[in-house]
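One-letter residues, chain by chain:
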Amino acid sequence: MIRITYVTITYNAAAVLQRTLDSILQQDYENIVHLIIDAASTDETLTMVDDYIERSNQAGNGHRIQVMSEPDNGIYDAMNKGLRSLDGDYVCFLNAGDFLPAPDTVSKIAERASLAAGDGNMPAVLYGDTDIVDGEGRFLHHRRLAPPEHLSWKSFRQGMLVCHQAFYARTDFAIATPYDMQYRYSADVDWCIRVMKAAEKENVPLLNLKMVVANYTQEGQTTLHHRESLLERYRVMERHYGRFQTFLLHCWFAIRTLIKPNY
């Protein structure tokens, strides 16, 4: 069975964490590992995690939960800790407040990944669609930026077409591609691009799951630090796509954002 690892980064996340934990607890797929990387929370986060572990054991669902709680140097440092703890086949970063859409989400993902792997080349990335929810977890709308039929690292010139929470990286590619700590808000964009670049170099395909695989909470860190995130994302795109092309693309992005917000 394909093993899927979810990494959840927390710091004083008690207000939004429950729906994330519940969505994984309710999965009908057994071969799940859940790594919770906590930055020494002082609220009820760790109490909630302890209760989650107890409920998972009582459910006998076969899930393995691992918890690390210690100070860190920000969210991407915490994500790198998660990468260093990985095993299994695929990893997805599902942060506090974000959640899986249905109890059979992981079963469907694993089934489609298994079929693709049966053709002789396990995809380097599994990717899908995202729905946007509010701070209470209520559906707002489908994410406007939708994944293309055939994704590559060059696709992100048009924006982050696949949400970080809907991007499942094969663990060998993920481990070999740590998050770049020079970025505070957009290292996830850079990480996805570099994972896809590595896949292209080794001629390993990416698989469109053609389903909604994540519910993303709109009030995340990128939304709270929107201006800083945009500036960093510009630097990321310059790094990968060049200065001139990035300038032209952002002229278009500015026009597009005036027409409709870029969620």
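For the structure itself, consult the block above.
Numbering of residues starts from 1 in each chain and follows the order in which that chain's sequence is written. Only residues with pLDDT of 70 or above have their local features reported here, since the model is predicted, and side-chain atom pairs are shown and tallied only from 80 upward, although totals for entire chains, interfaces and linings are computed over all residues. Water and hydrogen atoms play no part in the side-chain values, which are based on all heavy atoms of the structure.

Novice: Please explain the overall build of the chain as it appears in this structure.
Specialist: Where helices and strands are cited, they refer to DSSP runs of H or I of at least four residues and of E of at least two residues respectively, numbered from the N terminus. The secondary structure content of the chain amounts to nine helices and eight strands. We take the radius of gyration over the C-alpha atoms and set the globule estimate at 2.2 Å times the residue count to the 0.38 power. Against the compact-globule benchmark of 18 Å for 263 residues, the chain has a radius of gyration of 18 Å, which places it among compact chains. Each principal axis of the C-alpha distribution contributes one length, and for the chain these read about 55 × 45 × 30 Å. Burial status follows relative accessibility: with a 1.4 Å probe on protein chains alone, a residue under 20% of its type maximum counts as buried, one over 50% as exposed, and anything between as partly exposed. The burial tally for the chain puts 51% of its 263 residues in the buried class. Note on definitions: a residue-residue contact is assigned when non-hydrogen atoms from the two residues lie within 4.5 Å. By sequence separation, contacts in the chain at least 24 residues apart represent 79% of the contacts at least 6 residues apart. Reported accessibility uses the Shrake-Rupley method at a 1.4 Å probe radius. Residues are deemed covered only where the shown protein chains occlude them. Working note: accessible area of the chain is about 12100 Å², and carbon and sulfur atoms make up 53% of it. Charge counting follows a simple rule: Lys and Arg are positive, Asp and Glu are negative, and His as well as the terminal groups are ignored. Throughout, a charge is located at the NZ atom of Lys, the CZ atom of Arg, the CG atom of Asp or the CD atom of Glu. Measuring between centres, the 26 positive side-chain charges of the chain sit 10 Å from its 33 negative side-chain charges.

Novice: What is the right way to look at the pairing of strand S1 (residues 4-10) in this model?
Specialist: Residues in a regular strand point their side chains to alternate faces of the sheet. Summarising burial for S1: seven of the seven residues are buried, a large majority. Side-chain alternation along S1 places Ile4, Tyr6, Thr8 and Thr10 on one buried face and Thr5, Val7 and Ile9 on a second face that is also buried. Handedness of a crossover is defined as follows: orient the strands so they point away from the viewer, and if the path from the first strand over the helix to the second runs clockwise, the crossover is right-handed. Regarding the hand of the β-α-β motif, the stretch spanning S1, helix H1 (residues 14-25) and strand S2 (residues 32-38) is right-handed. A pair of strands is treated as paired once DSSP finds two or more bridges between them. Relative to strand S4 (residues 90-93), S1 is paired through four bridges, and the arrangement is parallel.

Novice: What should I look at first to understand the environment of Tyr29 in this one?
Specialist: Along the chain, Tyr29 falls in the loop between H1 and S2. Along the chain, Tyr29 and Gly62 lie 33 residues apart, while their C-alpha atoms are 8.3 Å from each other. Residue contacts for Tyr29: discarding those within four places in its chain leaves Met1, Ile2, Asn61, His63, Val106, Ser107 and Ala110. For this analysis, a polar contact is any N or O atom pair within 3.5 Å, provided that within protein one partner can donate a hydrogen and the other can accept it, and provided that sequence-adjacent residues contribute only side-chain to side-chain pairs. At a separation of 2.5 Å, a polar atom in the side chain of Tyr29 contacts the main-chain carbonyl oxygen of Ile2.

Novice: Explain the pattern of salt bridges to me, please; I cannot follow it from the model alone.
Specialist: Oppositely charged side chains may form a pair once their charged atoms are brought near each other. A pair is scored as a salt bridge if a Lys or Arg side-chain nitrogen falls within 4 Å of a carboxyl oxygen belonging to Asp or Glu. Within the structure shown, the criterion is met by 12 salt bridges. For Asp51, the salt bridge identified is with Arg55, shortest N-O distance 3.1 Å. Within this pair, Asp51 and its partner Arg55 are both found in helix H2 (residues 45-59), separated by four residues, close to a single helical turn. Taking the relative accessible area as the measure of exposure, Arg55 reaches 25% and is therefore partly exposed.

Novice: I tried to follow the side chain of Asp77 on my own but got confused; where do I start?
Specialist: Locating Asp77 in the fold gives a position in helix H3 (residues 75-84). Buried charge without a salt bridge: Asp77, with Lys81 as the nearest opposite-charge side chain at an N-O distance of 4.3 Å. Only 2.9 Å separates the side chain of Asp77 from the backbone nitrogen of Asn73, close enough to count as a polar contact. Excluding its chain neighbours within four sequence positions, the residues that come into contact with Asp77 are Asp72 and Met181.

Novice: What exactly am I supposed to notice about the side chain of His164 here?
Specialist: Here His164 shows up in the loop between strand S6 (139-142) and strand S7 (167-170). At a separation of 2.8 Å, a polar atom in the side chain of His164 contacts the side chain of Tyr179. Once residues lying within four places of it in the same chain are set aside, the contact partners of His164 are Met79, Phe93, Tyr179, Asp188, Trp191 and Cys192.

Novice: How do you make sense of the pairing of S7 when you look at a structure like this?
Specialist: Because side chains alternate across S7, one face comprises the buried residues Phe167 and Ala169, and the other comprises Tyr168 and Arg170, equally buried. In the sheet, S4 pairs with S7 via two bridges, with the strands oriented antiparallel. Note on S7: the bridge partner recorded for Val91 is Ala169. In terms of strand pairing, strand S5 (residues 125-133) meets S7 through three bridges, oriented antiparallel. The residue bridging Val125 from the neighbouring strand is Ala169, located in S7.

Novice: Help me understand the packing of helix H6 (residues 187-201) against helix H8 (residues 226-241), please; the structure alone is not making it clear to me.
Specialist: Running from N to C, H6 and H8 point in directions that differ by 20°, and their axes come no closer than 10 Å. As judged from the angle between their axes, H6 and H8 are roughly parallel. Two packed elements cross with a definite hand, and for H6 against H8 that hand is right-handed. Contact residues: H6 offers Val189, Asp190, Ile193, Arg194 and Lys197, while H8 offers Arg233, Val236, Arg239, His240 and Tyr241. Every axis corresponds to a line fitted to the C-alpha atoms, with the helix fit spanning only the stretch in contact, and the corresponding angles, defined between N-to-C directions, vary from 0 to 180 degrees. What sets the label is the angle itself: under 35 degrees gives roughly parallel, over 145 gives roughly antiparallel, 65 to 115 gives roughly perpendicular, and the rest give oblique. Left-handed describes a crossing whose near helix is turned anticlockwise from the far helix by less than a right angle; the clockwise case is right-handed.

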